[in-house]
Amino acid sequence: MVSQTVSTASNRFALRRLGDGRDSTSFAEDVREGLTARQKSLPPKYFYDALGSQLFEAICHLPEYYLTRAESEILRDNADEIVASAAGRPARLVELGSGSAEKTRYLIDALLNRQPSLHYVPVDISRVSLERSSFELLQIYPRLSITAYAADYFTALKALAETASSGERTIALFLGSNIGNFDPDGSRAFLSELRRMLRPGDALLVGADLKKAGEVLIRAYDDALGVTAAFNLNLLVRMNRELEANFDVAKFSHRATYNQELGRVEIRMVSLEPQTIRLRALDLEVSFREGETIHTENSYKFDVEQLAGMARATGFAPERTWFDSARRFSFNLFAAS
Ligand code: TRP
C-alpha cells in the first residue's frame, strides 16, 4: 500500500527548476555588489538555503512571531468563504513563496470540497522546501497534483504566464506578509507582473501584516530565543561556506528596529568591532567599522486602505478583507479586473 501511494504520488508531481543554472554565480555577484556599496546590504532571497528555510519555519513557531498564528486563524475560520468568494468555478492554486505550505492546507481542503481535483502550483526559492512540502501534501491529498517551480518570483511569474489552461480559473496566493518584504516600487512591480499572469475572473489572495505598536513588531523580529538572530546571521555562515569567506559570526549581531515614518521593520547585521573580511571566491576584502551595518530585509506594515490602493494601481479590484480576532493581520481578496 505504501509503495503504491508513493508511486502514484510521483505521477502527480513535477518540479521545474527555473533560472539560468548559474545560481552560485549570481549569489557571488549579488554579494559583491551588496558588500561594496556605501550602505552594505544583501538580498533577502539568500536567507533560504537548507538551514535558513528550517530556521524560518522555526520562526513561525515562536511566541513572538504572531503573524503565522493570526493568518492560520483567519484561514481556519474562513477558508470556505474565501474560496467561494475567490472562484465561482474550478480553479488551480498558484502560491508564490510557498515555504512549508502548512497554512495552504486550509485552502486546499476548501477547494477539494468544491471540485473533484486540484492542481497546486507552488513557487519557492528553496527546492528542498518544495520537495518536502509537496511530498507531504501528495500523501495527504490523493486528488491533488503538483507542479512546483524552484525559482525567484519574477522568473516564475514569467514562466507561469504561459501555463494557464483555458476554462480553468487561477487563484494566486501570497501569504505570510511576503508582500511586506518589497519596498513600495517593488510591490507595485510584483503585483503588476502577477496581474499579467492572471485573466479577468481570476483572484489574488494576499496576507498582509497590519500597523501596530512598535514594541510588538520589534519582538516579532527579535525574539528571546535568538532564532531570528540565527536566521539573519546564517547569511554570514552561507557566505563562509559558498564564497570561502571568513566571517566570525560572534563579531556581528542581529538588529531589528521599527521605522515608524516608513511603517516598516528594518533588519540588519551590526559589526561589533572594526574588522576586515576576506571572501576568497570573490577575491575581495571588505572592511567594517565598529557599528557598521549590513541591511538584509524590510518588513512593511500596512493599513487596509493602503493595500486597496496598491491593488487598484496594479489592475486589481479590492473585493474583501478578513481579519483575525485580535485584528493583528489581514487577508485580502483582490479580483483581476
Ligand atoms: N515575510 C516575513 C516577514 O516579513 C519574513 C521574515 C520574518 C523575516 N522574520 C524575519 C525576514 C526576520 C528577515 C528577518 O515577516
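Residues numbered from 1 in each chain as written. Predicted model: local features only at pLDDT ≥ 70, side-chain atom pairs only at ≥ 80, totals over all residues. Heavy atoms only, no water.

Colleague: Explain the overall build of the protein to me, using residue names and the numbers behind them.
Modeller: Helices and strands together make up the secondary structure of the protein, namely eleven helices and 14 strands. For the protein, the C-alpha radius of gyration of 20 Å lies close to 20 Å, the compact-globule estimate for 337 residues. Taking the principal axes of the C-alpha coordinates as reference, the protein spans close to 60 × 45 × 35 Å. Burial analysis of the protein (337 residues in total) assigns 52% to the buried set. Sequence-distant contacts in the protein: of pairs separated by 6 or more residues, those separated by 24 or more amount to 74%. For the protein, the centre of its 41 positive side-chain charges and the centre of its 45 negative side-chain charges are spaced 3 Å apart. (Helix = DSSP H or I, 4+ residues; strand = E, 2+ residues; numbered from the N terminus. Rg over C-alpha atoms; globule rule 2.2 N^0.38 Å. Buried < 20%, exposed > 50% of the residue type's maximum accessible area, 1.4 Å probe, protein only. Contact = heavy atoms within 4.5 Å. Lys, Arg positive; Asp, Glu negative; His and termini not counted. Charge placed at Lys NZ, Arg CZ, Asp CG, Glu CD.)

Colleague: An account of the site of the ligand is requested, with residue identities and associated values reported.
Modeller: Around the ligand sit 14 residues, and of these Y65, N181, Y221, E297 and S299 come closest. With respect to the ligand, the backbone of G176 contributes an N or O atom lying 3.4 Å from a nitrogen atom. Note that a nitrogen atom of the ligand is positioned 3.2 Å from one of the side-chain N or O atoms of N178. Look at the ligand: alone it shows 360 Å² of surface, and the protein chains cover 100% of it. If you list the elements that add at least two residues to the shell around the ligand, you get helix 10 (227-243) and strand 12 (293-300). For the shell around the ligand, the residue count by class is seven nonpolar, six polar and one charged. (Near = heavy atom within 4 Å. Polar contact = N/O pair within 3.5 Å; in protein donor to acceptor, adjacent residues only side chain to side chain. Areas by Shrake-Rupley, 256 points an atom, 1.4 Å probe, with all protein chains shown as cover. Nonpolar A, V, L, I, M, F, W, Y, C, P; charged D, E, K, R; others polar.)

Colleague: An account of the packing of helix 3 (residues 50-59) against helix 10 is requested, with residue identities and associated values reported.
Modeller: Two measures define how a pair of helices packs: the angle their axes make with one another and the distance between the axes. Axis separation between helix 3 and helix 10 bottoms out at 9 Å; the angle between their running directions is 160°. As summarised for this structure, helix 3 and helix 10 are arranged roughly antiparallel, according to the angle between their axes. Along this stretch, helix 3 crosses helix 10, giving a crossing that reads as left-handed. Of the residues in helix 10, those touching helix 3 at L51, G52, L55, F56, A58 and I59 are V227, T228, A230, F231 and N234. (Axes fitted to C-alpha atoms, helices over the stretch in contact; angles between N-to-C directions. Parallel < 35°, antiparallel > 145°, perpendicular 65-115°, else oblique. Left-handed = near helix turned anticlockwise from the far one by under 90°.)

Colleague: Before we move on, could you go through unusual backbone geometry and cite the residues and values that matter?
Modeller: Positioned with a positive phi, S177 is a non-glycine residue whose angle comes to about 60°. Topologically, S177 is positioned in the loop between strand 6 (169-174) and helix 8 (184-197). What makes S177 buried here is its relative accessible area of 2%. One non-glycine residue, E244, adopts positive backbone phi at about 50°. Residue placement: E244 occurs in the loop between helix 10 and strand 8 (252-259).

Colleague: Report on the packing of helix 4 (residues 66-86) against helix 5 (residues 104-112), specifying residues and quantitative values.
Modeller: At a closest axis distance of 9 Å, the pairing of helix 4 and helix 5 adopts a crossing angle of 25°. Considering their axes alone, helix 4 and helix 5 lie roughly parallel with respect to each other. In this structure, helix 4 meets helix 5 at a crossing whose hand is right-handed. Counting all contacts with helix 4, which are made through S72, L75, R76, A79, D80, I82 and V83, the residues of helix 5 involved are Y106, L107, A110 and L111. Considering only residue class, the contact of helix 4 with helix 5 consists of eight nonpolar, one polar and two charged.

Colleague: Quick rundown of the confidence of the model for the protein? Include the residues and the values.
Modeller: Taken residue by residue, the protein gives an average pLDDT of 94. The fraction at 70 or more is 95%. Segment residues 1-7 is flagged for pLDDT under 50; beyond a separation of four residues in sequence, or across chains, it makes one contact in the model. (pLDDT = per-residue confidence, 0-100.)

Colleague: How would you explain the pattern of salt bridges if you had to name every residue and give the values?
Modeller: This model, assessed by the stated rule, comprises 21 salt bridges. Close ionic contact of K251 with E273 constitutes a salt bridge, the shortest N to O distance being 3.8 Å. Placement of the pair is K251 in the loop between helix 10 and strand 8 and E273 in the loop between strand 9 (264-271) and strand 10 (275-279), with a sequence separation of 22 residues. Judged by its relative accessible area of 30%, K251 is partly exposed. Here E273 falls in the partly exposed class, since its relative accessible area comes to 32%. R264 is the salt-bridge partner of E266, the closest N and O atoms lying 2.9 Å from each other. The pair E266 / R264 is uniform in exposure class, with both members buried. Linked through salt bridges whose partners overlap, the residues forming this network are D49, R238, R241 and E242. (Salt bridge = Lys/Arg side-chain N within 4 Å of Asp/Glu carboxyl O.)

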